[in-house]
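The residues making up each chain are set out below.
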Amino acid sequence: MPSAQRSVRIGRPVGEVFAFFADPANETKWRGSHLKEFTAQGPIAVGTRIRQVVAGPMGRGLDADIEITALEPDARYAFKGVAGPLRPVGEYAFRPVEDGTEVTFRLDAPLAGLKKVFMGNSVQKAMNAELAALDTAKSVLEA
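Since this is a predicted model, take the numbers as computed values, not measurements. (Residues numbered from 1 in each chain as written. Predicted model: local features only at pLDDT ≥ 70, side-chain atom pairs only at ≥ 80, totals over all residues. Heavy atoms only, no water.)

## Overview of the overall build of the protein
Turning to step 1, where the next piece is worked out: Helix and strand content of the protein: four helices and eight strands.
Turning to step 2, where the next piece is worked out: Each helix and strand of the protein, ordered N terminal to C terminal, gives the series β-α-α-β-β-β-β-β-β-β-α-α.
Turning to step 3, where the next piece is worked out: The buried share of the protein, reckoned over its 143 residues, is 41%.
Turning to step 4, where the next piece is worked out: In the protein, of all internal contacts separated by at least 6 residues, the share reaching a separation of at least 24 is 46%. (Helix = DSSP H or I, 4+ residues; strand = E, 2+ residues; numbered from the N terminus. Buried < 20%, exposed > 50% of the residue type's maximum accessible area, 1.4 Å probe, protein only. Contact = heavy atoms within 4.5 Å.)

See below:
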């Protein structure tokens, strides 16, 4: 199963960092041009679905909706994929540190059968790119 994890330290208080990551309006500021839409379908809470459209083959939009599975203010924000060809499971963990906040992002993409054979490497590359975008989030927050 493709899996990736990365931590980054952000020079801001944990409450500010958590609020940034938990606000869907901020996603397009740091995740990259592959993210076409990211809109909550209600108040941010466990069970809320978020409509997510990402760039697919030939640039066309691909549904990749998620559902919030955990929301612990200033500590944890988790989700699972509920639409699209991949159903990733992800989690952001927030920890106060001396110089700000440590954010750890973990992402897993369960694949089986032919999907694993044909999509495993490309899914891993996409997941690694998602984690690398944490550097952009750090820059936005520290600006």
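## A look at the environment of P2
Turning to step 1, where the next piece is worked out: With respect to the secondary-structure elements, P2 resides in the segment before β1 (3–10).
Turning to step 2, where the next piece is worked out: Sequence separation between P2 and A109 is 107 residues; the distance between their C-alpha atoms is 5.4 Å.

## Looking at the nonpolar core
Turning to step 1, where the next piece is worked out: If you look at the biggest cluster of nonpolar residues, it comprises 29 residues, and the most contacted ones within it are F21, W30, Y92, F94 and V103.
Turning to step 2, where the next piece is worked out: The greatest single-element share of this core, amounting to six residues, is contributed by helix α1 (residues 14–22).
Turning to step 3, where the next piece is worked out: Here Y92 is in contact with F21, W30, A75, R76, Y77, F79, V103, T104 and F105, once residues within four sequence places are set aside. (Core = buried A, V, L, I, M, F, W, Y, C linked by side-chain atoms within 4.5 Å.)

## Notes on the packing of aromatic side chains
Turning to step 1, where the next piece is worked out: Counted by the stated rule, this structure contains 10 aromatic pairs.
Turning to step 2, where the next piece is worked out: Where F18 meets F94, the ring centres are 5.2 Å apart and the plane angle is 75 degrees; that geometry is what we call edge-to-face. Here F94 lies in strand β7 (residues 89–97) and F18 lies in helix α1, a separation of 76 residues in the sequence. Summarising the burial analysis for this pair, F18 and F94 share the class buried.
Turning to step 3, where the next piece is worked out: Plain terms: the ring middles of F21 and Y92 are 5.2 Å apart, the flat faces sit at 45 degrees to each other, and that makes the pair tilted. (Phe/Tyr/Trp six-rings, centres within 6.5 Å; stacked < 30°, edge-to-face > 60°.)

## Describing helix α4 (residues 134–142)
Owing to its 3.6 residues per turn, the α-helix brings residues three or four apart onto one side.
Turning to step 1, where the next piece is worked out: Of the residues making up α4, those classed as buried are L134, A137 and L141. Across the axial projection of α4, the buried residues extend over an arc of 55 degrees, all falling on one side. (Arc of directions from axis to C-beta.)

## Things to note about the confidence of the model for the protein
Turning to step 1, where the next piece is worked out: Scored by pLDDT, the protein has a mean of 88; 88% of the residues are at 70 or more.
Turning to step 2, where the next piece is worked out: Predicted confidence in the protein is weakest over helix α3 (residues 113–132), with a mean pLDDT of 64, and strongest over strand β5 (residues 66–72), with 98. (pLDDT = per-residue confidence, 0-100.)

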